Amino acid sequence: LISVFFGLWMLRGSLRIASLVRWLLLFGLAVSFITLPLDLFATPLELRLIQWRLEPLQMLGATLYYVVDLAVRVWMVAELGSASVMAERDRMGRAVRSWRLPLLLGGSFGLLIFGYLLTPKYSSDRAEALVHAREAAGPGHAIHIDTLSTSISRKNGSAKPIAWNDTTLKEIDVKWNR
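Residues numbered from 1 in each chain as written. Predicted model: local features only at pLDDT ≥ 70, side-chain atom pairs only at ≥ 80, totals over all residues. Heavy atoms only, no water.

(A) Layout of the nonpolar core. With 12 residues, the main nonpolar core is built from Ala129, Leu130, Ala133, Ala137, Ile143, Ile145, Leu148, Ala159, Ala163, Ile172, Val174 and Trp176. When contributions to this core are tallied by element, the ones reaching two or more residues are helix H7 (125-137), strand S1 (142-150), strand S2 (156-164) and strand S4 (174-177). Tallying contributions element by element places H7 first for this core, with four residues. (Core = buried A, V, L, I, M, F, W, Y, C linked by side-chain atoms within 4.5 Å. Buried < 20%, exposed > 50% of the residue type's maximum accessible area, 1.4 Å probe, protein only. Helix = DSSP H or I, 4+ residues; strand = E, 2+ residues; numbered from the N terminus.)

Next comes the structure, spelled out in structure tokens:
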């Protein structure tokens, strides 16, 4: 809905909206370029290979979506920063904006998100989640905890670990009370 709103305003020739959209795109690209490589290192390679082997269409679809999404965003940034748009901005007396601020803020936000996502890997609740995940998955499964949450009082918790072996891959809902 927001994209449609911005698109309609840009079709009307709004340089303010074009500038805002370009800023948001640069911010989002910085977040994506920071979190993608870090996510690849945070997920075990064995799990990624099993996902590609057991669910190739799902993995291919997700990869293609991500690549096309990045390509479209890069193209939009290039178009909104083209010489004709910059000349029109100059003609209207609008200042040329630097790329640095959205890239710096987006990169910092990406690192913050990644740090938050790494928290489950090093928290004391991870051990409890692993015990319950191993019980639910059964013997012979490796476990990767990607999502972990606990209540403020730390009495309740839940996780969505992924369990896998050579032939199966499953996401498990784990909940516990202390």
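(B) Up close: the pairing of S2. Pairing of S1 with S2 involves seven bridges; the strand directions are antiparallel. Note that in S2 the partner of Leu148 across the bridge is Ala159. Hairpin remark: S1 followed by S2, antiparallel, with five residues in the connecting loop; positive phi at Arg154, about 65°. Of the strand pairs in this sheet, S2 and S4 are connected by four bridges, and their pairing is antiparallel. If you follow Ser158 over to S4, its bridge partner there is Lys175. By the bridge criterion, three bridges tie S2 to strand S3 (residues 169-171) in an arrangement that is antiparallel. Residue Ala163 lies in a different strand from S3, and its bridge partner there is Lys170. (Pairing = 2+ DSSP bridges.)

(C) Main features of the packing of aromatic side chains. For the structure shown, the criterion picks out two aromatic pairs. Between Trp23 and Phe27, the aromatic rings sit 5.8 Å apart at their centres with planes inclined by 10°, giving stacked as the arrangement. On the criterion of helical spacing, the pair formed by Trp23 and Phe27 is a turn pair, its members being four residues apart in helix H2 (residues 15-42). By relative accessible area, which is 27% here, Trp23 ends up partly exposed. For the ring pair Phe27 and Phe109, a centre distance of 5.8 Å and an interplane angle of 35° mean the geometry is tilted. (Phe/Tyr/Trp six-rings, centres within 6.5 Å; stacked < 30°, edge-to-face > 60°.)

(D) Summary view of the environment of Val21. Of note, Val21 is situated in helix H2. Residue classification places Val21 among the buried residues on the basis of a relative accessible area of 8%. Taking the C-alpha atoms as reference points, Val21 and Phe41, separated by 20 residues in sequence, lie 31 Å from one another. Beyond its immediate sequence surroundings of up to four residues, Val21 is in contact with Phe6, Met10, Met76 and Leu80. (Contact = heavy atoms within 4.5 Å.)

(E) Main features of the side chain of Arg73. One can find Arg73 in helix H4 (residues 56-80). Side-chain polar atoms of Arg73 contact the side chain of Ser32, separated by 2.9 Å. Each residue touching Arg73, except ones within four places of it in the same chain, is listed here: Leu25, Gly28, Leu29 and Ser32. (Polar contact = N/O pair within 3.5 Å; in protein donor to acceptor, adjacent residues only side chain to side chain.)

(F) Inspection of the environment of Glu88 at higher detail. Here Glu88 lies in helix H5 (residues 83-91). Taking the relative accessible area as the measure of exposure, Glu88 reaches 28% and is therefore partly exposed. In the structure, Glu88 is positioned 73 residues away from Leu15 in sequence and 8.3 Å away in space, judged by C-alpha atoms.

(G) Up close: helix H3 (residues 45-54). Listing the buried residues of H3 in full gives Leu47, Ile50 and Gln51. Here the buried residues of H3 occupy an arc of 100° about the axis, which is enough to place them on one side. Of the exposed residues in H3, the ones pointing more than 90 degrees away from its buried face are Leu45 and Leu49. (Arc of directions from axis to C-beta.)

(H) Seen up close, the packing of H3 against H4. Where H3 contacts H4, the axes come no closer than 5 Å and their chain directions differ by 110°. In this view, H3 runs roughly perpendicular relative to H4, as classed from their interaxial angle. The residues of H4 that touch H3, namely those facing Arg48, Gln51, Trp52, Arg53 and Leu54, are Pro56, Met59, Leu60 and Thr63. For the contact of H3 with H4, a count of residues per class yields five nonpolar, two polar and two charged. (Axes fitted to C-alpha atoms, helices over the stretch in contact; angles between N-to-C directions. Parallel < 35°, antiparallel > 145°, perpendicular 65-115°, else oblique. Nonpolar A, V, L, I, M, F, W, Y, C, P; charged D, E, K, R; others polar.)

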